[in-house]
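Overview (structure and organization)
The residues making up each chain are set out below.
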Amino acid sequence: MSACSVEVVYGEGWCARSRAVISPVSEEEARRRHAVGDPYMALLRTDGQPLAELRITGRAGHVGLLLFDAHGRRHQEYDYVELRRGRLHLRRHRQWLYRTPEEAERPEPAAHFTLTIRPDGSAQRSLEQDGRFDTIARIPEEHRTLPLADFGDWTRYADAGLLGVPGPVTLVPAPPPETAGPTGGDPLWSAPAPLAPGALEALFVPGSRFESYDGPVTVVEPEHAGNLRLPTGRVVAADPAWLSADSEPFTVPVPPGTYPLVLGKVEQRSEWAGEEMTWEEITAAMLCIGDRRPTVAWEPALLPGQEVRLLGDREFYGFGVDSGTGAFLDAAARDALDADPDAGVQLASSIGDEAACPEFRDPVSGANAIAFPSGAGDGSYPVWIGRDHDGEVTCLIADMLTVDSARPLPPTAASPAVVLVPPVPAAEGPLPAAVPHAETALLFAELLVETVTMARDVRCLNRN
C-alpha cells in the first residue's frame, strides 16, 4: 500500500474567511516555539485541501485539533490538556452541524454538539439545536487519553483514519510561502485563559479606581466585618443558607488562629431625574492572614478534585450563592451549622437587620462564621489565595465580580503579582491501550446521533 503524502504548514492561526494560514512560520521557528512552550499552529493538508489544524501551546499544556469537512470548514474539535506529565486528557469535543454545503463556517452560532469530559470519564453532552438539550455520558479512558507527541509526530493526534485519507500517512514540509499570509480576520491561536485575579488588593485601598458595569467607581474606606476564628485552619467559603457537610474546605489551609475579615467597597455615582445619586457596593471580602506581608503571587482557591487546567477562557471555580449572602468560616463551624440548618438560614437573613455582617459562633469548637452581602447578589464567586516571597499565605480574597480588577483606572496601577499555576503532576499507572482515532470518532458520532434522537423525543413529549 502506497503512503499518502500530507503537507505540514506552520503559522499563527487559520483564517476561515480567506481559508489561509495566518502569518506562516518556518519549521525551524515552529520547533523553537515548541521547545519554549509558545503557541503555534500546524496545518495538515493534501492537494491544497485543509484536513486538520493543530493548535499547540506547551507552556499551558494545551493541544487543540480541528478537522475540516469536504467544504473547507472546521467541523470537529478535540481540545486536549496535559493533566499528567506526558499525557493528554480530552477536555472537550465539539461537532458543528452545518445545514447546507453553502453555509459559512460559524463555530459559535451554528448548531453544535459538545462533550465536556471530566478526568474520571464522566461527561456532559450538550446539543445546541433549536434550543438546548443536556444529558450525560461516560467516556472510556482509551477514548480520552493520549500520549503527548514530540514535535512533528502529528499523526499521534490525527492518523489516516481520522483525516479521511488512505494510509499510511507520510508528513512532508510544505514549500516556503510566497506571501506572509493574512494577518486580519480570525484571532491568532492562544490557549484558554481562565479568569485572572487583577489588582485585588487595590479593592481595599481608598481612592483606587476601577471600571464597573455602570461606569467608573472609586474605592472607599474598607469595612471591618469582624474577626474569624479558625481553630482548624481549614477555610470554607459558602452561602450560609445552603451549607451542608458537602461544603468542603479549600485544599490550602492556613495556620490556626484568629484573623480580621475586611470588606472592600466602592462608591458609585449616577444621575436620575436630574439629581445625582450616590451609593456604595461591596466588591470583595478579604481574610487577612498573619502580619500582611506584601502579596507577590495569587493562586485560585480550589476544592478537592478541581483542576485549573480544565478551565476555559475567563472561567473560574467559585462558591455558589442563592441567598445574596456569602460567608467565610472554619470547617468546624461548617459542621455546627450543618447540624442546625436553621442557624445558617437565620445568619443569611439577618444581614442588614441586626448587623451588617452577622456572626455565628460554635461554643464547642470556638469556631465562627461571618456572613456578608455577596456584591450584586446570587451567582458564583471566585476566591483567591495570596502568597508572599516565602510562599506563605497572606490573605484570602472573595471577589464579588462587581468591578473589573484586571483593568484598573488611573491612578490605580496594575498589580505586579503573578498568578501561580501548579506544576503538572507525574502520571500514575500505564497508558491505556491505544485505539484507532477513527474508533473514537465513531463513538462520538454515535453519541451525537443518540443525543439528537433523545432531544427530539423530549420535544415531542413536551409538545403533547
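This text gives an overview of the structure that appears in the document. All values derive from a computational prediction rather than experimental measurement.

So, how was this worked out
Residues numbered from 1 in each chain as written. Predicted model: local features only at pLDDT ≥ 70, side-chain atom pairs only at ≥ 80, totals over all residues. Heavy atoms only, no water. Helix = DSSP H or I, 4+ residues; strand = E, 2+ residues; numbered from the N terminus. Buried < 20%, exposed > 50% of the residue type's maximum accessible area, 1.4 Å probe, protein only. Salt bridge = Lys/Arg side-chain N within 4 Å of Asp/Glu carboxyl O. Polar contact = N/O pair within 3.5 Å; in protein donor to acceptor, adjacent residues only side chain to side chain. Axes fitted to C-alpha atoms, helices over the stretch in contact; angles between N-to-C directions. Parallel < 35°, antiparallel > 145°, perpendicular 65-115°, else oblique. Contact = heavy atoms within 4.5 Å. Nonpolar A, V, L, I, M, F, W, Y, C, P; charged D, E, K, R; others polar. Core = buried A, V, L, I, M, F, W, Y, C linked by side-chain atoms within 4.5 Å. Phe/Tyr/Trp six-rings, centres within 6.5 Å; stacked < 30°, edge-to-face > 60°. Lys NZ or Arg CZ within 6 Å of the ring centre and 35° of its normal.

**With respect to the environment of Ala455**
Summarising the element assignment, Ala455 is placed in helix α5 (residues 437–463). Judged by its relative accessible area of 1%, Ala455 is buried. Through-space distance from the C-alpha of Ala455 to that of Leu83 is 32 Å; in sequence the pair is 372 residues apart.

**Some points on the pattern of salt bridges**
In total, this model carries 28 salt bridges according to the counting rule given. Here Glu12 ties to Arg33 by a salt bridge, and the two come within 3.0 Å at their closest N and O atoms. Of this pair, Glu12 sits in the loop between β1 (4–11) and β2 (13–15) while Arg33 sits in helix α1 (residues 27–36), and the two are 21 residues apart along the sequence. In this structure Glu12 comes out as partly exposed when scored by relative accessible area, which is 22%. Its relative accessible area of 12% is what places Arg33 among the buried residues. Between Arg229 and Glu359 there is a salt bridge, and its shortest N-O distance comes to 3.0 Å. With Arg229 in strand β15 (residues 215–230) and Glu359 in strand β22 (residues 359–361), the pair connects residues that are 130 residues apart, well separated along the chain.

**As for the side chain of Thr135**
Here Thr135 shows up in strand β11 (residues 132–138). Under the relative-accessibility criterion, Thr135 is labelled buried at 17%.

**Focus: the environment of Gln268**
For Gln268, the position within the fold is in strand β17 (residues 257–272). Gln268 gets classed as buried once you look at its relative accessible area, which sits at 4%. Separated by 183 residues in the primary sequence, Gln268 and Arg85 have C-alpha atoms spaced 48 Å apart. Among the polar contacts listed, one links the side chain of Gln268 to the side chain of Ser212, at a separation of 3.2 Å.

**A look at the packing of helix α3 (residues 331–339) against helix α4 (residues 341–349)**
At a minimum axis distance of 4 Å, the contact between α3 and α4 shows a crossing angle of 105 degrees. Judged by the inter-axis angle, α3 sits roughly perpendicular to α4. Where α3 approaches α4, its residues Leu337, Asp338 and Ala339 are matched on the opposing element by Pro341, Ala343 and Gly344. Looking at the contact of α3 with α4 residue by residue, the classes come out as four nonpolar, one polar and one charged.

**Things to note about the nonpolar core**
If you look at the biggest cluster of nonpolar residues, it comprises 47 residues, and the most contacted ones within it are Tyr10, Tyr78 and Trp154. Counting residues per element, this core draws most heavily on α5, which supplies six residues. One finds Leu287, Phe319, Ala398 and Met400 within the second-largest nonpolar core, a separate group that totals 29 residues.

**Looking at the packing of aromatic side chains**
Applying the stated criterion to the full structure yields nine aromatic pairs. Seen from their ring centres, Tyr10 and Phe151 are 5.4 Å apart, and the 20 degrees between their planes marks the pair as stacked. With Tyr10 in strand β1 and Phe151 in the loop between β12 (145–147) and α2 (160–163), this residue pair connects regions lying 141 residues apart in the sequence. Like Phe151, Tyr10 is buried. Among the aromatic residues, those joined into a cluster by ring pairs are Tyr10, Tyr40, Phe151, Trp154 and Tyr157. In this structure, Arg73 is placed above the aromatic ring of Tyr98, and the distance from its NZ or CZ to the ring centre is 4.2 Å.

Without other data, these values stay purely geometric and don't point to any function.
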